[in-house]
There are 2 protein chains.
Amino acid sequence: MDLSSLRGIVGEDNVRDNVAELYVYGADASVHQGLPGLVVKPHSIEQVSQIMAYANSQKIPVIARGAGSGMSGHAVPMDTKSIILDMKAMNRILEIKPDDMYCRVEAGVVDDDLNRALKPYGITYPPSPASSRIATIGGEIANNASGLRSVKYGATREYVLGMRLVLANGDIIKLGAKTRVEAAGYQIHRLIVGSEGTLGIVVEATLKCVPIPKYRCLSVATFDQLEKAGDTIGAIIASGAEPSMLELMDDIAIKAVNKTLNMDLPEVEALIFFEADGKVKEAVDHEINSMRLIVEQHGGTVTATSYDLKERTKIFGGRKKLFAALSRYKDGWACTSLADDMAVPYTQMAATARKIHQIADKYGLIMTAYGHCGSGVMHTKILMDPSKKESWDAAKKAVDEIYDFVDEVGGITSGEHGIALSKAPSWKKTHGDMLPVMTKIKFALDPNNILNPGKLQDAPDDWLTATKIRYQML
Amino acid sequence: MDLSSLRGIVGEDNVRDNVAELYVYGADASVHQGLPGLVVKPHSIEQVSQIMAYANSQKIPVIARGAGSGMSGHAVPMDTKSIILDMKAMNRILEIKPDDMYCRVEAGVVDDDLNRALKPYGITYPPSPASSRIATIGGEIANNASGLRSVKYGATREYVLGMRLVLANGDIIKLGAKTRVEAAGYQIHRLIVGSEGTLGIVVEATLKCVPIPKYRCLSVATFDQLEKAGDTIGAIIASGAEPSMLELMDDIAIKAVNKTLNMDLPEVEALIFFEADGKVKEAVDHEINSMRLIVEQHGGTVTATSYDLKERTKIFGGRKKLFAALSRYKDGWACTSLADDMAVPYTQMAATARKIHQIADKYGLIMTAYGHCGSGVMHTKILMDPSKKESWDAAKKAVDEIYDFVDEVGGITSGEHGIALSKAPSWKKTHGDMLPVMTKIKFALDPNNILNPGKLQDAPDDWLTATKIRYQML
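Residues numbered from 1 in each chain as written. Chains lettered and ligands numbered in written order. Predicted model: local features only at pLDDT ≥ 70, side-chain atom pairs only at ≥ 80, totals over all residues. Heavy atoms only, no water.

Draft legend 1. Looking closely at the nonpolar core. Counting residues in hydrophobic clusters, the biggest one holds 206 residues, and the most contacted among them are Ile188 of chain A together with Ile188 of chain B. Ignoring sequence-local partners within four residues, the contact set of isoleucine 188 of chain A consists of Leu175 of chain A together with Leu191, Met434, Val437, Met438 and Ile441 of chain B. (Core = buried A, V, L, I, M, F, W, Y, C linked by side-chain atoms within 4.5 Å. Buried < 20%, exposed > 50% of the residue type's maximum accessible area, 1.4 Å probe, protein only. Contact = heavy atoms within 4.5 Å.)

Draft legend 2. Region of interest: the pairing of strand E15 (residues 270-278) of chain A. All names here are of chain A. Burial runs high along E15: nine of the nine residues are buried. In E15, alternate side chains face the same way, and those of Ala270, Ile272, Phe274, Ala276 and Gly278 on one face and Leu271, Phe273, Glu275 and Asp277 on the other are all buried. In this structure, strand E13 (residues 215-223) lies alongside E15, joined through nine bridges in antiparallel fashion. Its bridge partner being in E15, valine 220 is matched across the sheet by phenylalanine 273. (Helix = DSSP H or I, 4+ residues; strand = E, 2+ residues; numbered from the N terminus. Pairing = 2+ DSSP bridges.)

Draft legend 3. The arrangement of the state of the cysteines in detail. The full count for this structure, using the stated rule, is zero disulfides over all chains. Distance from the sulfur of cysteine 209 of chain A, which forms no disulfide, to the nearest cysteine sulfur (cysteine 103 of chain A) is 3.8 Å. Left without a disulfide partner, cysteine 335 of chain B is nearest to the cysteine sulfur of cysteine 373 of chain B, which lies 17 Å away. Overall, the relative accessible area of 11% leaves cysteine 335 of chain B in the buried class. (Disulfide = S-S within 2.5 Å.)

Draft legend 4. Summary view of the domain arrangement of chain A. Residue and element names in this part refer to chain A. Assigned domains of chain A: these are domain 1 (93-211) and domain 2 (215-308 + 316-325). Computed from C-alpha coordinates alone, the two centres of domain 1 and domain 2 are separated by 29 Å. For the pair domain 1 and domain 2, the summed buried area comes to about 710 Å², and 52% of that belongs to carbon and sulfur atoms. Where domain 1 meets domain 2, there are two salt bridges. The partner of glutamate 275 in a salt bridge is arginine 149, and the shortest N-O contact between them spans 2.7 Å. The interface formed by domain 1 and domain 2 contains three residue pairs in polar contact (both at pLDDT 80 or more). Here the side of domain 1 that touches domain 2 is composed, by residue class, of three nonpolar, no polar and two charged. (Domains from an automatic or database assignment. Buried area = accessible area lost by both parts, 1.4 Å probe. Salt bridge = Lys/Arg side-chain N within 4 Å of Asp/Glu carboxyl O. Polar contact = N/O pair within 3.5 Å; in protein donor to acceptor, adjacent residues only side chain to side chain. Nonpolar A, V, L, I, M, F, W, Y, C, P; charged D, E, K, R; others polar.)

Draft legend 5. Main features of the interface of chain B and chain A. The partner chain A presents 83 residues to the 83 residues of chain B that form the contact. Both sides of the chain B and chain A interface together cover about 6800 Å² of buried area, and 60% of this is carbon and sulfur. Taken together, the links from chain B to chain A amount to eight salt bridges. Across the pair glutamate 242 of chain A and lysine 279 of chain B runs a salt bridge whose closest N-O atoms are separated by 3.2 Å. Among the elements of the structure, helix H6 (150-153), strand E10 (172-176), helix H7 (188-192), helix H8 (226-238), helix H10 (281-297) and helix H16 (435-445) of chain B are those that each provide at least two residues to the side of chain B that touches chain A.

Draft legend 6. Examining the relation of the copies chain B and chain A more closely. Superposition of chain B onto chain A requires a rotation of 180 degrees combined with a translation of 0.0 Å along the rotation axis, giving an RMSD of 0.0 Å. Such a combination of turn and shift is consistent with a two-fold rotation axis. (Least-squares fit on C-alpha atoms with pLDDT ≥ 70 in both.)

Draft legend 7. Here's a closer look at the packing of H8 of chain B against helix H13 (residues 349-362) of chain B. Residue and element names in this part refer to chain B. Two numbers describe how H8 lies on H13: the axes approach to 7 Å, and their chain directions differ by 145 degrees. The segment H8 lies against H13, with Leu226, Glu227, Gly230, Asp231 and Ile233 engaging Met349, Ala350, Ala353, Arg354 and His357. For the contact of H8 with H13, the per-class residue count stands at five nonpolar, two polar and three charged. (Axes fitted to C-alpha atoms, helices over the stretch in contact; angles between N-to-C directions.)

Draft legend 8. Looking closely at helix H4 (residues 111-118) of chain A. Residue and element names in this part refer to chain A. The complete set of buried residues in H4 reads Asp111, Leu114, Asn115 and Leu118. With its buried residues spanning 95 degrees around the axis, H4 presents them on a single face. Buried residues in H4 make contact with strand E6 (93-97), strand E7 (102-106), strand E8 (123-124), helix H5 (137-143) and strand E11 (201-208). (Arc of directions from axis to C-beta.)

Draft legend 9. Representation of the packing of aromatic side chains within the structure. A full pass over the atoms with the stated rule returns 10 aromatic pairs over all chains. Geometrically, the ring pair formed by tryptophan 392 of chain A and tyrosine 471 of chain A is tilted, given 5.8 Å between the ring centres and 40 degrees between the ring planes. One end of the pair, tryptophan 392 of chain A, is in helix H14 (residues 389-408); the other, tyrosine 471 of chain A, is in the segment after strand E23 (468-469), with 79 residues separating them in the sequence. The class for tryptophan 392 of chain A is buried, based on a relative accessible area of 0%. Here the aromatic rings of tyrosine 125 of chain B and tyrosine 159 of chain B are separated by 6.0 Å at their centres, their planes lie at 80 degrees, and the arrangement is edge-to-face. Taken together, the residues span a long stretch of sequence, with tyrosine 125 of chain B in the loop between strand E8 (123-124) and helix H5 (137-143) and tyrosine 159 of chain B in the loop between H6 and strand E9 (160-166) at a distance of 34 residues. Across the pair, exposure class does not vary: tyrosine 125 of chain B and tyrosine 159 of chain B are buried alike. Clustering of aromatic rings is evident, with ring pairs tying together Trp392, Trp463 and Tyr471 of chain A. Lying over the aromatic face of tyrosine 159 of chain A, lysine 208 of chain A brings its terminal NZ or CZ to 5.0 Å of the ring centre. (Phe/Tyr/Trp six-rings, centres within 6.5 Å; stacked < 30°, edge-to-face > 60°. Lys NZ or Arg CZ within 6 Å of the ring centre and 35° of its normal.)

Draft legend 10. Spotlight on the environment of proline 243 of chain B. All names here are of chain B. Along the polypeptide, proline 243 turns up in the loop between H8 and strand E14 (245-250). Exposure remark for proline 243: the relative accessible area of 2% places this residue in the buried category. C-alpha separation for the pair proline 243 and lysine 388, spaced 145 residues apart in sequence, amounts to 42 Å. If we ignore the near neighbours within four places in the chain, the residues touching proline 243 are Val151, Lys152, Ile236, Glu275 and Met291.

Draft legend 11. How the structure looks around the side chain of threonine 368 of chain B. Looking at where threonine 368 of chain B falls in the secondary structure, it is placed in the loop between strand E19 (366-367) and strand E20 (370-371). Not counting residues within four places of it along the chain, the set of residues in contact with threonine 368 of chain B comprises Asp250, Ile252, Ala253, Leu326, Ile356, His379, Thr380 and Lys381 of chain B.

Draft legend 12. How the structure looks around the environment of serine 426 of chain A. Residue and element names in this part refer to chain A. Looking at where serine 426 falls in the secondary structure, it is placed in helix H15 (residues 424-430). Accessibility expressed as a relative area gives 7% for serine 426, which makes it buried. Each C-alpha atom of the pair serine 426 and asparagine 14 lies 38 Å from the other, and the pair is 412 residues apart in sequence. Excluding anything up to four places from it in sequence, serine 426 contacts Val399, Asp400, Tyr403 and Thr413.

Draft legend 13. How the structure looks around the pattern of salt bridges. Within this structure, the stated rule accounts for 69 salt bridges over all chains. The partner of aspartate 340 of chain A in a salt bridge is lysine 423 of chain A, and the shortest N-O contact between them spans 2.6 Å. Within this pair, whereas aspartate 340 of chain A is found in the loop between strand E17 (334-336) and strand E18 (341-343), its partner lysine 423 of chain A is found in the loop between H14 and H15, the two being separated by 83 residues in sequence. The residues aspartate 340 of chain A and lysine 423 of chain A share a single accessibility class, namely buried. When the shortest N-O distance is used, the salt bridge between aspartate 385 of chain B and lysine 388 of chain B registers 3.7 Å. We classify aspartate 385 of chain B as buried; its relative accessible area is 16%.

Draft legend 14. Focus on the side chain of aspartate 385 of chain B. Residue and element names in this part refer to chain B. Locating aspartate 385 in the fold gives a position in the loop between strand E22 (382-384) and helix H14 (389-408). In this structure the side chain of aspartate 385 is engaged in a polar contact, spanning 2.7 Å, whose partner is the side chain of serine 387. Not counting residues up to four positions away in its chain, the partners in contact with aspartate 385 are Gly332, Trp333 and Ser391.

Draft legend 15. Structural detail: the sheet that holds strand E22 (residues 382-384) of chain A. Taking strand neighbours across the sheet as the criterion, the three strands line up as E17-E22-E19 (chain A) in an open arrangement whose pairing is antiparallel. Both outer strands of the open sheet, E17 and strand E19 (366-367) of chain A, are each paired with one neighbouring strand and no more.

Draft legend 16. Structural detail: the sheet that holds strand E11 (residues 201-208) of chain B. All names here are of chain B. Here five strands make up an open sheet; going across it, the order is E6-E7-E11-E9-E10 and the pairing antiparallel. Edge positions in the sheet fall to strand E6 (93-97) and E10, since each has one partner strand and no second. Strand-to-strand twist in this sheet, taken as the mean axis angle between neighbours without regard to direction, amounts to 10 degrees. Strands E6, strand E7 (102-106) and E11 of the sheet are contacted by helix H4 (residues 111-118), whose axis makes an angle of about 40 degrees with E6.

This is the structure we're talking about:
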């Protein structure tokens, strides 16, 4: 690789090739680990364009990277010649237009930073994932990210009005509009959302914003049986209630939080958190009360309800810190993101949670069932001793069985975290008829296959051997 | 063409080639007129697949047609060998799942029929366009349709969770999911929405539904100046209000309704209709009152407000029948859909309406400014004597000037009615960088260019000579 060409584009300091740095950029929040050839940090759209033109001429793989908080391996390079395009320096908020209800940002803007900047105008960009403290808008677009409030506000795809995209060959194109509706040519920007960096580099996005709700009320309820909690979720949705959040935590998640964080959540089979928001208190009351009634009809007990931010933060504390708690569940054990974000129809929520427990038991693993059940998302984590080859073999079998079940009940491999490497084998099994079309679109836009190659439809058929695993196996 | 092959697929009765029928299928609600070679009416996905395989092998153009209510020429054949695929027989509602908040339908289902079927379950499919009485779901998807309530509920693209698509070569593929969120491979279904029948034939769709609001309150206000009405719309949106409808009617529209339908709307410079909906009356009251205050601050006078369906129907009567009124504005004159659905930022609404009037005056045409301004959509119609060549030449100049202005203020060629033929010349001027990418995607999916050829990026550069005009010119 001709480093001087790239240094000529972005400057000496913004091209890194020392091994220590490359190592850091070889992993993300998934189980995978690779090693890139270079890290390049562009500061403008024109630089991205020039980098792509160069990479395309040399057929060098390019992987755009935001925070590296992806859980399926999106940002892990499959080829040691790869350029990691570190987008974090492109972090300018270009326009905030509260009167037109949109904002325009560079791809490296961090989600929480954007929402902090929008707040004084009374508006918000709502599809934020749990990692919003570090996640960049570009990464969220690549992954069609969503989070806690997607039951009411939807995912990233609902908010991307337009974008500027750098194509594989370096061409810069403008897509979409600034208006609420649009019917003006292929909605390519909607195809780019969720394409995991394989079709182009998102450099700028025009995002729909919504008013910040004035009131927010959160309740938590206990259930002595997981099935009752699952049925409650289905019944709340079926009732026409419009929660702004509807979260499940199973007994393993509860125990994890209590044990590692010294919390005192009630050790029942399941907790449900339900929230409503809005600008009129009567309406929020109405939603919360309707949901409370359904909870009680299904044998749940509401143990706390509050409008107050401080109290809400306390109520939600256990759920908020769950991921951290699971990571510290057992000394030496790892909390892995495998089969961790399936989406299933609401009516299948309870059965899916129970099935996950059965499969975990069968293979001697610890698995939780929790998540944004109001949007159909069932989160899990597989806790295991990562140093043992047997743990990984067991995890692999468990993952396969979980996905088979999810497919059986009409669910889908990934609701939130994307496919990339970890989810590709199972996803490919159930999406066979779609893969040739994806491949055709991919090659139409990236004929040299330089944009994040080896992911999605091109990912290896076994996630366990797709890359090195980033835990040390004995 | 070998009729026996097609008759073998769909049966004798479902292949029509007599000229009288072909003539009817040569036009839609646009100004354009063509003539197809055949009309074929499939009754199943398998039949569509076989028809496409045959057409692809013979390189015969295929144009899927729903109600033919498109206003830009989507369903008008450009080649006399074309097959019109009449989708109206595929009109089964396959699933209604209120507990999972979705339904699954064949593409030929009529929008109002679907909503009638959903109603007993307390749910609705909200992006309905004004033509919902006849428009099919397949046509709405092809066009990314939206309507009166898009300011709150958005467009078709926000509701298509998944679909079955027949590709140009006859392959049948399944796209998307049944769940609220999804991050499982390219969102090809979102690309198909708005692709105007050029990438595949949508045969089945899984659609997100929402609860029917319990309360709906509509107000109407008069303004002595169009600018004040325009500014009010911007101020309502900027205030964080969440109208379920926000409509403008200018003086020409008011006069048209009064004159042709014997109504007695106040002959002011502008009317604004504003509506709120929800399940709690206090919240609806709050929205209506907030908007009323803004109206009054901007010099408007609220003349009626009602929750009652019958009264609301009466209040909205003039706006509802506007299109019919414009069509009968002057004996022998036509109401043409040209430059009829631009979208502009809210802050540009008043200026755009005024500009339309100026341009109409300049060219001796009659043009209204009205529409779903809450979503940024500015509707117009050009009223003229269609028998005179000069009218069309004037219309062409007016259209060009309007689109230049819309582009200048950050708006877009089409918010609702799509590009097809009528809007293609202006749209191509402003979307030059996107066209090569569209062409690449098009040829990746339809290498023989048989799916609705000659539209969008491939449309002729002059709409006036693109096809015959369906009015008799003297």
